[in-house]
Amino acid sequence: MGNAMSQSVAPECTELKNKYDSCFNSWYTDKFLQGKSLQNECEGLWDDYRECLEAYLIKKGIKPMVDETAKDAPFEEKGELQSKEKK
Amino acid sequence: MVLWYKNQHIFNHDFTTVSLAYLNRYPNPYSTHVLSIDTLNRHIDKDGKLHQTKLITKTGRLPQWVKPFLGKISHSNILEMTEIDPVSQTMNTYTRNLDHTRIIRIEEYTTFQYDKECQTTTCKSKVKFSSGFRGFGVKNRIEKWSHSKFDENISKSRQGLKFVMENIKYRLNNRTLSNI
């Protein structure tokens, strides 16, 4: 991590991403993990970042591949695999 | 062809530090091949668990001998899914490559579980290598490559995580969280 923040795949979205990530990290640490909030409080920043990112993914033709893969539900499968192996 | 590898490690950090480090693990000096990471989606389910889907891009890291089959690889895309339960202090993660899957598909399942008594976080990883590639002794080469790659990767990613953990711990102690 260092002092550098991570890059977005779309250079034009990196600034929006960093703003969202900073907001997310504070919310995650101070609210979510403390059980104080079930609402992500970074909505506005998220919308700006996501809009920028989606446009890039569509332009590059990556979006269908990503959407298709994200439909998998690996955690259920994982639970099964783990319990099987433990026996 | 399917190969499984398992690995376990205990981090001497609390769940906040470990999970925050995982979510913010790039960039770090041990993962210079990682170019970017983006959040594609996130939601909180009815049980209060946080789900996130991320896209990671890396510079091509497939071995030289694969090139005749694939041509030039400059980038690869990795999908990461995480599920975090703040009550049980557990984080499940899943990553897999999105392209070159005909040659090799690498899926990693990891669980991070906080232990209140020991005040440590146990990390259990399982990696699955599968390849549908046949002929020309490629299967054996992939197996060998997977083996060495796995050891190298797991050690590097752990060093990277530890580096970020120390950094985050310092920031948490000093409450300079706004720029994690």
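Refer to the preceding data block for the structure.
So, here is what we can say about the structure in this document. (Residues numbered from 1 in each chain as written. Chains lettered and ligands numbered in written order. Predicted model: local features only at pLDDT ≥ 70, side-chain atom pairs only at ≥ 80, totals over all residues. Heavy atoms only, no water.)

### A few points about the packing of helix H1 (residues 14-32) of chain A against helix H2 (residues 43-60) of chain A
For any two helices packed against each other, the geometry comes down to the angle between their axes and how far apart the axes lie.
Residues and elements named next belong to chain A.
Part 1 of the reasoning: Axis separation between H1 and H2 bottoms out at 9 Å; the angle between their running directions is 145°. You can see that H1 and H2 cross each other, and the crossing is left-handed. Where H1 abuts H2, its residues Leu16, Lys17, Lys19, Tyr20 and Cys23 lie against Leu45, Trp46, Asp48, Tyr49 and Cys52. (Axes fitted to C-alpha atoms, helices over the stretch in contact; angles between N-to-C directions. Helix = DSSP H or I, 4+ residues; strand = E, 2+ residues; numbered from the N terminus. Left-handed = near helix turned anticlockwise from the far one by under 90°. Contact = heavy atoms within 4.5 Å.)

### Section: the sheet that holds strand S3 (residues 50-59) of chain B
Part 1 of the reasoning: Taken in spatial order, the seven strands line up as S1-S7-S6-S5-S4-S3-S2 (chain B) in an open sheet, and their pairing is antiparallel. Lying at the two open borders of the sheet, with one neighbouring strand each, are strand S1 (2-11) and strand S2 (34-44) of chain B. The sheet shows a mean angle of 15° between the axes of neighbouring strands, taken without regard to direction.
Part 2 of the reasoning: Across 10 bridges, S1 of chain B lies against strand S7 (residues 120-130) of chain B in antiparallel orientation. Each residue of the ladder has a partner; that of Asn7 of chain B, found in S7 of chain B, is Ser125 of chain B.
Part 3 of the reasoning: Sheet strands touched by H2 of chain A: S2 and S3 of chain B. Its angle to S2 of chain B, the strand with the most contacts, is close to 125°.
Part 4 of the reasoning: Strands in contact with helix H3 (residues 138-174) of chain B are S1, strand S6 (105-115) and S7 of chain B; relative to S1 of chain B, the strand with the most contacts, it is inclined by about 25°. (Pairing = 2+ DSSP bridges.)

### Observations regarding the pattern of salt bridges
Residue and element names in this part refer to chain B.
Part 1 of the reasoning: Tallying each qualifying case throughout the model produces 10 salt bridges over all chains.
Part 2 of the reasoning: Its salt-bridge partner being Arg25, residue Glu80 comes within 2.7 Å of it at the nearest N-O pair. Taken together, the positions of Glu80 in strand S4 (residues 75-85) and Arg25 in the loop between helix H1 (15-23) and S2 put the pair 55 residues apart, joining distant regions of the chain.
Part 3 of the reasoning: Note on Glu80: relative accessible area 1%, which makes it buried.
Part 4 of the reasoning: With a shortest N-O distance of 3.5 Å, Arg105 and Glu107 are connected by a salt bridge.
Part 5 of the reasoning: Since its relative accessible area comes to 28%, Arg105 is described here as partly exposed. (Salt bridge = Lys/Arg side-chain N within 4 Å of Asp/Glu carboxyl O. Buried < 20%, exposed > 50% of the residue type's maximum accessible area, 1.4 Å probe, protein only.)

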